[in-house]
Every structure is written in C-alpha cells, then in structure tokens.
Amino acid sequence: MSGSLLETIGLKKYFKTSKGLLHAVDDINLHIARGETVGVVGESGCGKSTLGRTVLRLIDPSAGKIIFDGQDIMQYDKKQMKPLRREMQIIFQDPYSSLDPRMCVSDIIAEPMTITPGFGSKRDIRDRTAQLMQTVGLAARLADAYPHELDGGRRQRIGIARALALNPKFIVCDEPVSALDVSIQAQILNLLMDLQDDLSLTYMFITHDLSVVKHISDEIVVMYLGQCVESAPTDELFSNPQHPYTKALLSAILKPNLKSRGRVNDVIHGEVTSPIEPAPGCRFAPRCPYASDKCMGQDIPLKNTADRHRTACVLYQ
Amino acid sequence: MHHSTLLSFVLHRKETMGIVGETGAGKTTLALSILQLLPERTGQITQGDILFDGEELTKYTDADMRAVRGERISMIFQDPMTSLNPVLTVGKQIAESLALHNSTHRTKEQIEARVDELLELVGIPAQRKNEYPHQFSGGMKQRVVIAIALACDPELLIADEPTTALDVTIQAQVLAMMLKLKRELGTSMIIITHDLGVVAETCDSVAIMYAGEIVEIGAVEDIFEGPCHHPYTAGLFASIPDLDVASDRLSPIEGIMPDPTNLPNGCKFHPRCPYCTDICRSVPPVDTVIHNGHLIRCHKIAQERKVQA
C-alpha cells in the first residue's frame, strides 16, 4: 500500500463547441494510492466521467500529466500504451449498452484475452473465462446466454468479469451500480469490495451517490463544473464537510427514516450553470448561500484546511 | 403472464401513498391500470374493482375514461426527457390538456393566462412558455410535466418515479415543490418509487410491492419505525448504505426478482427469503393484520402472531 498508483497533475480536458471551449475537466490533481479507492462525486455534467476516461487516455487530455505506476504516460504513443491498457480497465455505467448484444456471455468475457497475446491456447482462455465467471458469481450455465436474457445485476457482473480478464491493477468504475435496483446494488458493491481485497485492486469510483461512495471509498473528491471543490479522507469529509457545495450535496440525500423529514425544504436553489467559457471565480457562487464579492474575479485555489483535507472556498482561505 | 395479482389498498382524500418496489414489481402496471392505459390486447384487468370517489372505473367506457384522465386523475411519468413532445413549445403542451378538458368554456386568452399561472406555480418564468423542451434542463422539464399534470386541478395525481432521472439537489427541489403544491391544492397523490428516502420525505402511507403483490402496507410510521416487517421490507432497508452507521458490508437480498411469466408457488418471495419454511413453498400467504391499517402478507408473521395470541 505504498505510494500512489495513479497521479494526475493539472489535468485538463476542454472540448470545442460552437459557443466556445467547454471546460469538462479543469485542473484536477489526483493521487490514488495502491490498493485504495478514491470516490469521485458530482452531479451530471460536472465532468466526472470525462475525468475517468481521460486518466485512462481513452480521451486525450488538453493539458496536464498522468503518472501511472511511476511513469508519465502522457509521453507514451499508441504502441507504448497498448501493454499498459491491460493494467487499467473500466466498468461502465450502463450494463445494457456496454455489452455487445450479438455476443454470448463467455465470448464477451473472453474477448480481451483473445485480442491480447500471452493468454495461451483457446482452452486456457476458456478455463480462465469459466474461472472469472465463478469469481463474479455468474452460474456456469449462463456461458452461452446472450445479454438480453439477463437482468441488470448479472449484466453488470459480466462487465466486471470482462474488466478483470487481463489482471488489471487499476479499474475505473463509472457509476457501476446506478442503473441497478437497491437489493442488487448492494450485491455488486459487496462483490467489488471482495475483489479489491482478493486481487489488491485500485479503484477510481465515479458516482453521483454520496451514500455509495461513503461505503466503498478511502478518499473522496467532490467535483463541480470540472473542478475539484473539496477532497478529503472519507470519514473526515462526512464528519467535517467544508465546501458549501459538499454540504448541499450531503443535505440533499434523502434518508430512509422519518427523523430527517422536511429536509428537502432547506436544499440549495438554482441549477448547474454552463461549463462553456466559465468566468473566473468560484463556479458554485451563483447557487451559494455564502457567496460574496470575494468569490468572483479570480479562481479560488484548493487549500489544505486539515490533514489531507483540501477545500476551494474563500471561507477557508 | 400475471402481474399485479390480488392488490387492494385504500387511498384517502388529501393523502399521499407511496408504492415501493424494485424493477418488475408491477408498480407502473398498477398505475397504468388505475388509468386504464394498459395495452388493450395484452393488458387486461381480469378481476377486481377500482373505485375512484365511489365510482367503479372499470365499468367506464373509453369516452368516460378520457374525461377522467388528465382532468380528475393525472399522471407524471418517469422520464421527463421522453414524455414531452420535442416539436411543440412547452406552453402549447400545457394548453393542450386545458383545451381538451375545457368544461368551464375558457377562452383562448383565459387558457393562456392559466398556462402562465401554472408555469409560475412550478417555478418557471412565464416568458419561457414559447421555448421547446430541448431548451430546458432535466429538472425544468420535469417541472413542465408537473405543470401539465396539475393543469386541470386533478383530485388524484399519480407520479411514477418523478425524480429518479434527476440529480440529488434538483430532486430535492422538485420534491419540495410537489409537497408545497399538494399542501396548497389539497391533491391526493400516489408516488411510485424505488427510493425509500423519497417515501420517508413525502408519504403518509406506504405499500411495498413484490412480484405483483402488496406484501406489506401501512402508515409511514409503521413501515419506517414499526417493529414488525415482511422479510422483503426488512431486506430492502438493509440493502441501503446507511450514512450514519459505519459498516463494512451491505446485506443485500440474495437472488433476483422472479420472472413474472413463471412465478414460484406459495409465497412469491420464498426463493430469496432467509426464513423460508415448507408452508412458504406451497401455500400462498394471506394478509395478517398487525394493527389497524398495517397488514403483512407472510407466513412467519402470521405464525408469530398466533403464538402471541
């Protein structure tokens, strides 16, 4: 558990649009330690999925460095990236659209091994596929089934088995449970945590659901409009949230008990503003109950406010 | 295929009932049956009565039902992205239901005035009525859908997963607005959801559905704070990660929802139930009354009650 497996320095991804540059990921500095899970939380459009894809170089960043296992992978060309791809995998959000409907379960799981050299004969691959299906809790009789015959939870298990096929070190989990029912969600979260223990995996866990990241993460990064507004170890973030956006997110969680009834009335107003050519200053200011003139005009940097706790807010500068 | 078999519940005036269940539990089918919107060939109400304001809805003709839908009972659909017409302005879409159910003979100007009023009611500036759905965000679109549903002052509003497609902060805003409107207009509501947090926030009574049946029903206090529950209800609560309690593992309900074309014998939950006994595999359970209004359909609960009595 020593050192970081993945690090990003000043990572940026801007998309060109007809109205100007869309700042999807804006100056993100991440450290993901070996064997740990970093949760990335934010609402739709905050750039969390773009961040997940950028660190894997599925999308090339506009600026910044990505250090994976001690090497600056931004310098790598396509050929050099190829062996690295085995070590970094992704589990997608939607188990309905991320599986080829014309391939059967065992073919989907075997595909990464058949296209990568070094996994032995067809027989070896078949054995490993069967073993992977067992690992993720898929019955052997489903090997010849097609995705449409299966429910969401089982499909997500296929996606997980496929991601595990090449023995990766690092997996980006992009909202892996948000399309699933609660009882199934818990099964998949438990599976992901067991796999992490057994295979010493490192996760970047992207989600909009704070209660899910609390359960699975060691550290949490809260994103708003492409920027990190707060990051802290999980317990610290929940016991001592600092940024007004983090507080708003926490208070917007509807708890399944009657004691907190009436909570919805205290929630923040307004909606996420446009990420296209944002003005300098705090991007949350238009919705923030504590906003003042100090929040406008210049970007607010992340400041260390406690051990490993960083917040980008004028209230904590 | 049997769906929503043997369901009964009573919704009182001005009350909000939550119908909770997972995908395939039959929640939406139940809502569509109340409105008789099920496809004619495949979806038939084979048995039972739907009494609305004392009247039997299943005996209504198509024309009678059309007068009920949208005017006395209206529905908010789950996905605001697909339930609005992309080629009509939002103002026109709100005016449509007013024009269709124009029993008070409003003039065009009066309808337009009512459209403005409705938009303001759901928190959208009236000058945006000439814009198209794609110009609105998800939360705003859902507000438009709610404005359409409220246009004719319905007595009953059925909301099918009204906030599932929305972000958490927007979800809270939309729920707060729905609660405020309910208080002001005195509408009765049925909220269909899989989210127990939404139920805790909005409902007076709750029905928990599993594989087409209501397995537990009661006041919101009975379900959330009562001591006695159906094993499925208990499993649902245990599956949710609790923010206030640190725990390493979640306790999911093992297994998956049964296929509605091939339901198990006896209690439909028995293959997933940790307390399953022989009787559960063969005999369908009946409702056990815990106290006034709190019913649980489970053999284990029935036996425990018998022992106590």
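Residues numbered from 1 in each chain as written. Chains lettered and ligands numbered in written order. Predicted model: local features only at pLDDT ≥ 70, side-chain atom pairs only at ≥ 80, totals over all residues. Heavy atoms only, no water.

Trainee: Help me understand the overall build of chain A, please; the structure alone is not making it clear to me.
Mentor: When you go through chain A residue by residue, the secondary structure sums to nine helices and twelve strands. Here the C-alpha atoms of chain A give a radius of gyration of 21 Å, agreeing with the 20 Å that 2.2 N^0.38 yields for 317 residues. Along the longest, intermediate and shortest principal axes, the C-alpha atoms of chain A span 65 × 50 × 45 Å. By residue count, 55% of the 317 residues in chain A fall in the buried class. Sequence separation of 24 or more characterises 64% of the internal contacts of chain A that already satisfy a separation of 6 or more. On chain A, roughly 14000 Å² of surface is accessible, and the fraction owed to carbon and sulfur atoms is 49%. Of the side chains in chain A, 37 bear a positive and 37 a negative charge, and the two mean positions are spaced by 3 Å. (Helix = DSSP H or I, 4+ residues; strand = E, 2+ residues; numbered from the N terminus. Rg over C-alpha atoms; globule rule 2.2 N^0.38 Å. Buried < 20%, exposed > 50% of the residue type's maximum accessible area, 1.4 Å probe, protein only. Contact = heavy atoms within 4.5 Å. Areas by Shrake-Rupley, 256 points an atom, 1.4 Å probe, with all protein chains shown as cover. Lys, Arg positive; Asp, Glu negative; His and termini not counted. Charge placed at Lys NZ, Arg CZ, Asp CG, Glu CD.)

Trainee: Any chance you could explain the pairing of strand E6 (residues 88–91) of chain A here in plain terms?
Mentor: Both faces of the sheet carry side chains from a regular strand, because those side chains alternate between them. Residues and elements named next belong to chain A. Neither face of E6 is left uncovered, since the one carrying Met88 and Ile90 and the one carrying Gln89 and Ile91 both have all their residues buried. Strand direction decides the pairing type here: E6 and strand E7 (residues 170–174), joined by four bridges, are parallel. The residue bridging Ile91 from the neighbouring strand is Cys173, located in E7. (Pairing = 2+ DSSP bridges.)

Trainee: How should I be thinking about the sheet that holds strand E4 (residues 73–76) of chain B in this particular structure?
Mentor: To summarise the sheet geometry, strands pair through backbone hydrogen bonds and adopt either a parallel or an antiparallel arrangement. Residues and elements named next belong to chain B. Judged by pairing direction, the sheet is mixed, and its eight strands sit side by side in the order E4-E5-E6-E1-E7-E8-E10-E9 without closing on themselves. Edge strands, defined here as strands with exactly one partner in the open sheet, are E4 and strand E9 (287–291). Recorded for the sheet is a direction-independent mean angle of 20° between the axes of neighbouring strands. The pairing of E9 with strand E10 (residues 294–297) spans four bridges and is classified as antiparallel. When the bridges of E10 are listed, Val289 appears paired with Leu295. Contacts from helix H10 (residues 231–239) reach strand E1 (16–20), strand E7 (205–210) and strand E8 (213–219), with the element oriented near 100° to E7. (Axes fitted to C-alpha atoms, helices over the stretch in contact; angles between N-to-C directions.)

Trainee: I would appreciate a short explanation of the domain arrangement of chain A in the present structure.
Mentor: By a frequent convention, interface size equals the accessible area lost on bringing the separate parts together. Residues and elements named next belong to chain A. Parsing chain A into structural domains produces domain 1 (4–87 + 168–316) and domain 2 (98–167). Just the C-alpha atoms count here: the centres of domain 1 and domain 2 sit 29 Å apart. The partner domain 2 presents 14 residues to the 14 residues of domain 1 that form the contact. Buried surface at the junction of domain 1 and domain 2, both sides included, amounts to about 1200 Å², of which 71% is carbon and sulfur. Area buried by domain 1 at its contact with domain 2 is led by Arg86, Pro168 and Leu191, which between them contribute 45% of it. Inspection of the region where domain 1 meets domain 2 yields zero salt bridges. Ranked by residue count, the leading element in the side of domain 1 that touches domain 2 is helix H6 (residues 182–199), at seven residues. Classifying every residue of the side of domain 1 that touches domain 2 by side-chain character gives eleven nonpolar, one polar and two charged. (Domains from an automatic or database assignment. Buried area = accessible area lost by both parts, 1.4 Å probe. Salt bridge = Lys/Arg side-chain N within 4 Å of Asp/Glu carboxyl O. Nonpolar A, V, L, I, M, F, W, Y, C, P; charged D, E, K, R; others polar.)

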